[in-house]
Amino acid sequence: MHQAHNTLPLSHPQKESILKVGKEKKFQGENPEATSASAHIPIGKLPLQAEEKVLTESQEVYYEPTLREEAGLWELIVYLLNSLPTAVVALMILAFFAIIGTLIPQEPMGAETADYISKYGPLKFKIMKSLGFTNIYNTVYFNLVFLWIAISSVVCSITRLRRTLSLWYRPVYRFTEIFFSSQKEGYKHYDNKDITLEELVGSLKRAGLRVFVRNEEESASIYADKCFLRKWSAVVFHFSIIVIFIGGIIGKIWGFEGSVPVPEGETRTLTVNLKQIKNPIGRALTSYIKPYVFKLTLKDFRIEYDQHIKDPDLFKDLPVNETALREYYKYYVRDYVSELIGEYKGERREKRVLVNHPLGVGRTLFYQASFAQTGYITVSFDGREETYPVTPNTAYQVKPDGKLREVTSGTATPLGSEILFHPEPQGGVFPVKAGPLFKAGEPVGYLGPIGLFEVVGKTDRGQRFVLLNPKEWFELTLPGHTVKVKMADKVDDVSIFQYKHDPGTAILFTGWIGLILGVLITLYIPFVQVYLRWQRGKVLCYSTVQGAADKTLGYQLIDKILLKG
Amino acid sequence: MQTSFVYILIAYFTYLCAFFLYLYGITFKRGSAVLPFASVFLGIGLLSQLYWLIARTYEYWQQHKGFLLPATSLFEAIHFLAFLIILLYLIFEIVTKVRVFGAYVLALVLIGFTYLVFFLSGESGLRELPPALKSYWLVIHVSAMFISYASFTISAAIALYYVLKEKWNIGVKGIDSTFPPERIDRLSYLIASFGYPFLTAGIFLGAVWANEAWGRYWGWDPKETWAAIAWFIYTAYMHARLALGWKGFKAAVFNLVAYDGIIITFIGVNLISGSLGAESIHAYASGKGSLWTLAVMFLLLIVPLVIAFAPGKSRSSDASSPQHTSTKPSSKGKHP
Ligand code: HEM
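Predicted, not measured: the structure shown is a model, and the values here were computed from it. (Residues numbered from 1 in each chain as written. Chains lettered and ligands numbered in written order. Predicted model: local features only at pLDDT ≥ 70, side-chain atom pairs only at ≥ 80, totals over all residues. Heavy atoms only, no water.)

Engineer: What's the story with the overall build of chain B in this structure? I'm lost.
Structural biologist: Scanning chain B for helices and strands turns up ten helices and zero strands. When the helices and strands of chain B are read in sequence order from the N terminus, they spell out α-α-α-α-α-α-α-α-α-α. For chain B, the residues scored as buried account for 59% of the 336 residues in total. Pairs at least 24 residues apart make up 81% of the contacts formed inside chain B by residues separated by at least 6 positions. Total accessible area on chain B is roughly 13400 Å²; 72% of this is exposed by carbon and sulfur atoms. (Helix = DSSP H or I, 4+ residues; strand = E, 2+ residues; numbered from the N terminus. Buried < 20%, exposed > 50% of the residue type's maximum accessible area, 1.4 Å probe, protein only. Contact = heavy atoms within 4.5 Å. Areas by Shrake-Rupley, 256 points an atom, 1.4 Å probe, with all protein chains shown as cover.)

This is the structure:
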């Protein structure tokens, strides 16, 4: 029972606890023999086993699991899952892999083999690809590390749950003076206090603490704590990690996504057959699911424009004479508006789909993702008018026969007109703009269509921009002919919808909310523990605080009770 | 006229004044008397920034007929973060009555302001916004993220002081005479632990928004990914502190490493992503990465780590387990 320590008992309390707690030795509550013996232990000698346990735990000794030397593989894995340093390392490994993913363009984000080869060369690309670095977030090893952390988090919180439970049910043992004197951080000693046990307990309870008392002859041990909620929440949110992981996996297996273009005024049928898009495991798990068939009708699609009421910054860099560009940049996209009808198995939903406002049908969401707005120009050649579609990032020229033709750098003829280059759209800015026009959020009419072209002269190399509209003709030079161009009224709008079916989202979000609430409670609400020994005329007090708070919170509380007089 | 730049200059000037007052306050004997004045200067600068924020919000309102948080361009983002750092720092001063770390916290704010005034002033104007940004989620998500950045900044500044003191014995009397290292260590931790739930929530709110705007809650966009990386590192830091008992020097170094994650998330992704070909969907991700700004960022990332890891003498070999000085374990508890 009494171990043979001499002078300074528990000078290394942590080490001992590692053995005791780690092996989960069955702890026998209050051993009657021990209790009676302890009454006579003088200060400076050893505390009892029971006391020692409370002592070590009360000192925030960090639980560390132990491993038998002859342990097998399974035991090793469980040990590692239970070990916090391993979890911390796993977190750092996950961070490291994620960093790789931000340094190398990723396939799911649109990087293609050609991009890699031009950037890294074929050999490096091959190595990177075989290591999975070009699609790292979908590699087995990345997900295994994540899974490891999730399981480890659960294992850790379960093994530590036992300690939490013992604290919940049986927190009070006999706290002798040694218990207090061997606290590394010291304790408090209140002399000449004529407070009765009942008064003390009553005050603690009034202060909102859970109080446990153990009466001894002429004295008592008291344990009290506040905000035990914090302990529970730490257990709960460690489970959240695996809930999040499960949510993500469910989405990966049973979910699907993609995009579908729907031209204005038309109906498209979208068929999603999981058999075609899943890997073998996914296929096996979803083989019972019939293909999803959606019918999408785009009643109307428009791009709404607003205009700057003050000159935007980019005008500062524009020469004043670039009136076309200035006019063109004045208008910017306010919103993309699709009047969309979605049908799925007799369910019919109609909604005005905007960015941030998707349409849900058949537990699948359709988002406004992309769009195309292409224009037409009308060419008047000696009075004869003809209309042609123009696509972005393409150059055109009116040939001597009066036809508008696409040209590449080699095919422009000196006999034709100037070259009209239709620039590429960038970041929500299209070379053609057409749609309802607003000013500071108020509708003011209709814009365009206006089309931006760069005019490249045949002789001089000067370039300038012109903004065509349907009202004014723009003259081109072609010796012997009168050639004029303008925008045609017609514009083709195609709305592109991103769709996503993800039955795991709700689970994942639930886990995440649990995580946040748990973290909030754990970090913001302090858990205060007070250990007291009451004797006639004297009170010993030791207190700990976990969480973001003043470490002396517990002492302040006792001060208030005992020093108020 | 765009929102007046004068208010930015006023804030810059008052923060400079506050910086020198804080420096004076901690280096000179009896200097601490000026510390409250430094706080007053901070307060004035903060009001000036607040005015700019309100005016800019009003301009957005006029333009878009909607409430928008002015944190959508690199300029606005740095401005808003500086605002939150000062705001949190002042609250921290009021709550803890600790005034001595002002100069350390301000150093980074001043670097930010210098960048705004001398490099980004041309981009201070109103921008046109992609429709996806016009959402109340912008306010919620960005505020949560930035509050966490701000608290991690304050925490890292204090951790840097700790590291400088422990390893190189570079400290100032005004701090060392009143603050035992344990207290500095703990302050740094407490502020980080204040920010951690905000980071957790901020990432989640971003995911909810992304789910609404793009139909996916997570897309491994570089900025998203870096926020996650920073979160992983801070989670590891929290565990090292709470469950492995790390304290002192080791923990301070860990804090600085984790803070690098924040620097990259906040600004590094914008500056680097272009050159790496990994485009980000995030709002102010189009900032220009001139050689100068990149150099400053790399210095910010690396200097604290060099200070921490360079071979040098540690003041106390066992810095990781400081003893309480107030109540010694050997001496019997005293009558309070
Ligand atoms: C990535 C997911 C994780 C998050 C967000 C997380 C978060 C936290 C937080 C905020 C605390 C402080 C709670 C406290 O002081 O009581 C904590 C404590 C702790 N965590 Fe985690 N954790 C995660 C994963 C893990 C894993 C994988 C393990 C196990 C290997 C683990 C084991 C622990 C332990 C043992 C504590 C101390 C609990 C205590 O003091 O009662 N955690 N965790």
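Engineer: Is there a simple way to think about the overall build of chain A in this case?
Structural biologist: Secondary structure assignment for chain A yields 16 helices and 21 strands. Evaluated residue by residue, chain A yields a buried proportion of 50% over its 565 residues. Residue pairs at least 24 apart in sequence account for 66% of intrachain contacts in chain A once pairs closer than 6 positions are excluded. When the accessible surface of chain A is totalled, it reaches about 27800 Å², and 58% of it is carbon and sulfur.

Engineer: How should I be thinking about the site of the ligand in this particular structure?
Structural biologist: Lining the immediate environment of the ligand, one finds 23 residues, of which S152, C156, R160 and H238 of chain A together with H239 of chain B sit closest. At the ligand, the nearby residues belong to more than one chain, namely chains A and B. The side chain of H238 of chain A places a nitrogen or oxygen atom 2.7 Å from a nitrogen atom of the ligand. Elements represented by at least two residues in the shell around the ligand include exactly α5 (84-103), α8 (140-169), α11 (229-254) and α15 (505-524) of chain A together with α8 (222-242) of chain B. With six residues, α11 of chain A is the single largest residue contributor to the shell around the ligand. Split into classes, the residues belonging to the shell around the ligand amount to 13 nonpolar, seven polar and three charged. (Near = heavy atom within 4 Å. Polar contact = N/O pair within 3.5 Å; in protein donor to acceptor, adjacent residues only side chain to side chain. Nonpolar A, V, L, I, M, F, W, Y, C, P; charged D, E, K, R; others polar.)

Engineer: Would you mind showing me how to read the packing of helix α2 (residues 35-64) of chain B against helix α3 (residues 74-96) of chain B here?
Structural biologist: Relative orientation and spacing of two packed helices are given, respectively, by the angle between their axes and the distance between those axes. Residues and elements named next belong to chain B. Interaxial distance between α2 and α3 falls to 10 Å at its minimum, and their mutual angle equals 140 degrees. Judged by the angle between their axes, α2 and α3 are oblique. Classified by chirality, the crossing of α3 by α2 is left-handed. Mapping the contact onto sequence places S39, L42, G43, L46, Q49, L50, W52, L53, R56 and Y60 in α2 and F75, E76, H79, F80, A82, F83, I86, L87, Y89, L90 and E93 in α3. Grouping the constituent residues of the contact of α2 with α3 by class yields 14 nonpolar, four polar and three charged. (Axes fitted to C-alpha atoms, helices over the stretch in contact; angles between N-to-C directions. Parallel < 35°, antiparallel > 145°, perpendicular 65-115°, else oblique. Left-handed = near helix turned anticlockwise from the far one by under 90°.)

Engineer: What is the right way to look at the confidence of the model for chain A in this model?
Structural biologist: Should the pLDDT be low somewhere, the predicted coordinates at that spot are not to be read in detail. Residues and elements named next belong to chain A. Averaged over all residues, the pLDDT of chain A is 77; the fraction at 70 or higher stands at 83%. At the low end of the mean pLDDT range in chain A sits helix α1 (residues 13-22), at 30; at the high end sits α15, at 92. Here residues 1-47 is modelled with pLDDT under 50, and outside its nearest four sequence neighbours on either side it reaches 72 contacts, counting other chains as well. (pLDDT = per-residue confidence, 0-100.)

Engineer: For this particular structure, what's the right way to read the interface of chain A and chain B?
Structural biologist: Interface size is commonly expressed as the accessible area that is lost once the parts come together. The interface of chain A with chain B comprises 75 residues on the first partner and 73 residues on the second. Both faces combined, the contact of chain A with chain B buries some 6100 Å², and carbon together with sulfur accounts for 64% of it. In this structure, the connection of chain A to chain B is made through zero salt bridges. Put simply, chain A and chain B have three residue pairs in polar contact (both at pLDDT 80 or more) between them. Of all the secondary-structure elements, those providing two or more residues to the side of chain A that touches chain B are α5, β1 (188-193), α11, β6 (292-307), β7 (331-344), β10 (364-381), β19 (481-501) and α15 of chain A. (Buried area = accessible area lost by both parts, 1.4 Å probe. Salt bridge = Lys/Arg side-chain N within 4 Å of Asp/Glu carboxyl O.)

Engineer: Would you explain the coordination of the iron atom of the ligand in this entry?
Structural biologist: Each pair of donors in an ideal four-coordinate tetrahedral metal site encloses 109.5 degrees, whereas pairs in an ideal six-coordinate octahedral site enclose 90 or 180 degrees. Binding of the iron atom of the ligand to the protein goes through H238 of chain A (NE2) and H239 of chain B (NE2), at separations of 1.7 to 1.9 Å. Around the iron atom of the ligand, the six donor atoms sit at angles spanning 87 to 179 degrees, and that spread fits a shape best called octahedral. Taken as a pair, H238 of chain A in helix α11 and H239 of chain B in helix α8 lie in two separate chains rather than in one. (Donors = N, O, S within 2.8 Å, 3.2 Å for Na, K, Ca; no water. Tetrahedral: all angles 85-135°; square planar, octahedral: opposite > 155°, others 65-115°.)

Engineer: Would you mind going over unusual backbone geometry with me for this structure?
Structural biologist: Of all residues except glycine, most have a negative phi; of all peptide bonds, most are trans. Phi is positive for C227 of chain A, which is not a glycine, with a value near 65 degrees. As for its placement among the helices and strands, C227 of chain A is situated in the loop between β3 (219-226) and α11.

Engineer: In this structure, what is going on with the packing of aromatic side chains? I would like to understand it.
Structural biologist: What characterises a pair of aromatic rings is the spacing of the ring centres plus the angle enclosed by the ring planes. This model, assessed by the stated rule, comprises 55 aromatic pairs over all chains. On the numbers, 5.5 Å between centres and 80 degrees between planes, the contact of Y137 of chain A with F142 of chain A is edge-to-face. With respect to burial, Y137 of chain A and F142 of chain A carry one shared label: buried. A centroid spacing of 6.0 Å and a plane angle of 65 degrees characterise the contact between F509 of chain A and Y217 of chain B, whose relative ring orientation is edge-to-face. One end of the pair, F509 of chain A, is in helix α15; the other, Y217 of chain B, is in the loop between α7 (181-213) and α8, on a second chain. Members of the aromatic cluster, joined through ring pairs, are F179, F180, Y187, F212, Y223, Y531 and Y542 of chain A. Over the face of the ring belonging to W246 of chain B we find K250 of chain B, whose NZ or CZ atom lies 4.5 Å from the ring centre. (Phe/Tyr/Trp six-rings, centres within 6.5 Å; stacked < 30°, edge-to-face > 60°. Lys NZ or Arg CZ within 6 Å of the ring centre and 35° of its normal.)

Engineer: What am I meant to see in α15 of chain A here?
Structural biologist: Under the 1.5 Å per step criterion, the end-to-end length of α15 of chain A is 28 Å for 20 residues, consistent within 8% with the ideal 28 Å. Buried within α15 of chain A are the following residues: T505, L508, F509, G511, W512, L515, I516, G518, V519, T522 and L523 of chain A. Looking at the buried positions of α15 of chain A, the neighbouring elements they touch are α11 of chain A together with α7 and α8 of chain B. (Expected span 1.5 Å × (residues − 1).)

Engineer: Looking at this structure, I do not really get the environment of R348 of chain A. What am I missing?
Structural biologist: Residues and elements named next belong to chain A. Tracing the backbone through its elements, the reader meets R348 in strand β8 (residues 347-353). Along the sequence, R348 and V361 sit 13 residues apart, while their C-alpha atoms lie 7.4 Å from each other. Ignoring any residue separated from it by four or fewer positions in sequence, one finds R348 in contact with I341, G342 and E343.

Engineer: Looking at this model, I keep getting lost on the nonpolar core. Mind explaining?
Structural biologist: One broad trend across soluble globular proteins is that nonpolar side chains are buried collectively. Core analysis: the largest hydrophobic core is formed by 153 residues, its most contacted members being Y15 and F146 of chain B. A per-element tally of this core places helix α5 (residues 136-168) of chain B first, with 20 residues. The next biggest cluster of nonpolar side chains, apart from the first, holds 38 residues, and it includes V272, L274, A324 and L359 of chain A. (Core = buried A, V, L, I, M, F, W, Y, C linked by side-chain atoms within 4.5 Å.)

Engineer: Even after reading the chapter, I still don't get the pattern of salt bridges, so can you show me in this structure?
Structural biologist: Think of it this way: side chains of opposite charge can pair up when their charged atoms draw near. Residue and element names in this part refer to chain A. Counted under the stated rule, the structure contains 23 salt bridges over all chains. One salt bridge connects D559 with K188, and the closest N-O pair in it is separated by 3.1 Å. Of this pair, D559 sits in helix α16 (residues 553-562) while K188 sits in strand β1, and the two are 371 residues apart along the sequence. Residues joined by salt bridges that share partners form a network here, namely D300, R302, E304, R334, E339 and R352.

Engineer: When you look at the environment of Y328 of chain A in this model, what are you seeing that I'm missing?
Structural biologist: Considering the arrangement of structural elements, one finds Y328 of chain A in helix α14 (residues 323-330). It is 52 Å that separates the C-alpha atoms of Y328 of chain A and I281 of chain A, two residues lying 47 residues apart in sequence.

Engineer: Can you walk me through the pairing of β6 of chain A in this structure?
Structural biologist: On a regular strand, one side chain projects to one face of the sheet and the next to the other, so that they alternate. All names here are of chain A. Of all 16 residues in β6, twelve are buried; the element is thus mostly enclosed. Bridging between strand β5 (residues 267-272) and β6 involves six bridges; their strand directions are antiparallel. Paired with T271 across the two strands is V293, which belongs to β6. Bridge analysis of β6 against β7 gives twelve bridges, and the strand direction is antiparallel. Across the sheet, residue I303 finds its bridge partner in β7, namely Y336. (Pairing = 2+ DSSP bridges.)

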